[in-house]
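What the coordinates show
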Amino acid sequence: MIITGFHSIEEKIRAVSSLGGAGVFKLYYSKAGPRVKKILAAASQAGIKAEQVADSKLDEMVSSLEEALRNHRGIVMSAEGGKKSTENILDFDTWLKLARNKDSEEKQTVVILDCVTDPHNVGAILRSCDQFGIDLVIIPENKSVSDISGNEVVARSSAGANAWVKCCIVNNLVRAAEKLKDAGFWIYGADAGGKSCRQIEFPAKTALIMGSEGTGIAELLEKKCDQIVSIPTCGKIDSLNVSVAAGILLYEISSRHK
């Protein structure tokens, strides 16, 4: 795994500082400008090794990445082998058991991503989840971006939030939704034609399903929803980008919970 971008690298270092796993990662840098020096200092405190190399070496390291990720700005973080630290990737049943034991009035918000396959969108949604204090993101094992920790595009698009936001990878979203309902969660599906998000008093235990931009929420999963929620808009095009819609809805849910 190669990580580029100051924010993504800084957040990964912070995660390593809190969760461990320093020996898995290494920094490579060419010029030690002010921002790079700050990153190197934080890495040193976290026990992450760094090596100064030529720019050509960094160019080679990022050559297989998407074009937008190749601008390394003089520093690259690499997973040097072994098992990455993925302490924010949780077992769903274990998380749910802890959630059941919490007070029924304690705020808990879950986001379910149904076939959101664009890593840019997944990363942007994780960034919003971090900002609005979402407790868990559930992602299907298939037909989705399930490699949250190792996907460079997700890391960059999330500005490093993929190292923090708690996620579960499950093989059946319908069953996961059923378990959430049994645990007292209300399930809301984001889609056109539903009730305006401004008119909903979201309960303490809320789960929000964001579907594929192409096909929306799968039929069987939609049947598990207690209500369809929509964002009132007045534009000329059909709909909002899924990551933008998720950010708006998470803001609405967060504001109701305060």
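Treat the numbers as computed from the prediction; the structure is a model and nothing was measured.

**Some thoughts on the overall build of the protein**
Check the secondary structure of the protein and you find 9 helices and 11 strands. Relative to the globule expectation of 18 Å for 258 residues, the C-alpha radius of gyration of the protein, 20 Å, shows essentially globular dimensions. With the C-alpha coordinates aligned to their principal axes, the bounding extent of the protein is approximately 55 × 45 × 35 Å. When contacts within the protein are restricted to residue pairs at least 6 apart in sequence, long-range pairs at least 24 apart make up 78% of them. Of the roughly 12700 Å² of accessible surface on the protein, 47% is carried by carbon and sulfur atoms. Looking at the protein, you have 32 positive and 32 negative side-chain charges, and the mean spots of the two groups are 4 Å apart.

**Some remarks on the sheet that holds strand 4 (residues 75-79)**
Pairing is mixed in the open sheet, where 4 strands are placed in the order 1-4-2-3. In this open sheet, the two edge strands, each paired with only one partner strand, are strand 1 (2-3) and strand 3 (49-52). Sheet strands touched by helix 2 (residues 34-46): strand 2 (25-29), strand 3 and strand 4. Its angle to strand 2, the strand with the most contacts, is close to 155°. Contacts between helix 3 (residues 55-62) and the sheet are confined to strand 1, strand 2 and strand 4, with strand 4 contributing the most and set at about 50° to the helix.

**With respect to unusual backbone geometry**
Despite not being glycine, R73 has its phi angle at roughly 55°, a positive value. Inspection of the secondary structure puts R73 in the loop between helix 3 and strand 4. Although it is not a glycine, A159 sits at a positive phi angle of roughly 55°. By the element assignment, A159 lies in the loop between helix 6 (152-157) and strand 8 (167-170).

Cut-offs used in this document
Residues numbered from 1 in each chain as written. Predicted model: local features only at pLDDT ≥ 70, side-chain atom pairs only at ≥ 80, totals over all residues. Heavy atoms only, no water. Helix = DSSP H or I, 4+ residues; strand = E, 2+ residues; numbered from the N terminus. Rg over C-alpha atoms; globule rule 2.2 N^0.38 Å. Contact = heavy atoms within 4.5 Å. Areas by Shrake-Rupley, 256 points an atom, 1.4 Å probe, with all protein chains shown as cover. Lys, Arg positive; Asp, Glu negative; His and termini not counted. Charge placed at Lys NZ, Arg CZ, Asp CG, Glu CD. Pairing = 2+ DSSP bridges. Axes fitted to C-alpha atoms, helices over the stretch in contact; angles between N-to-C directions.

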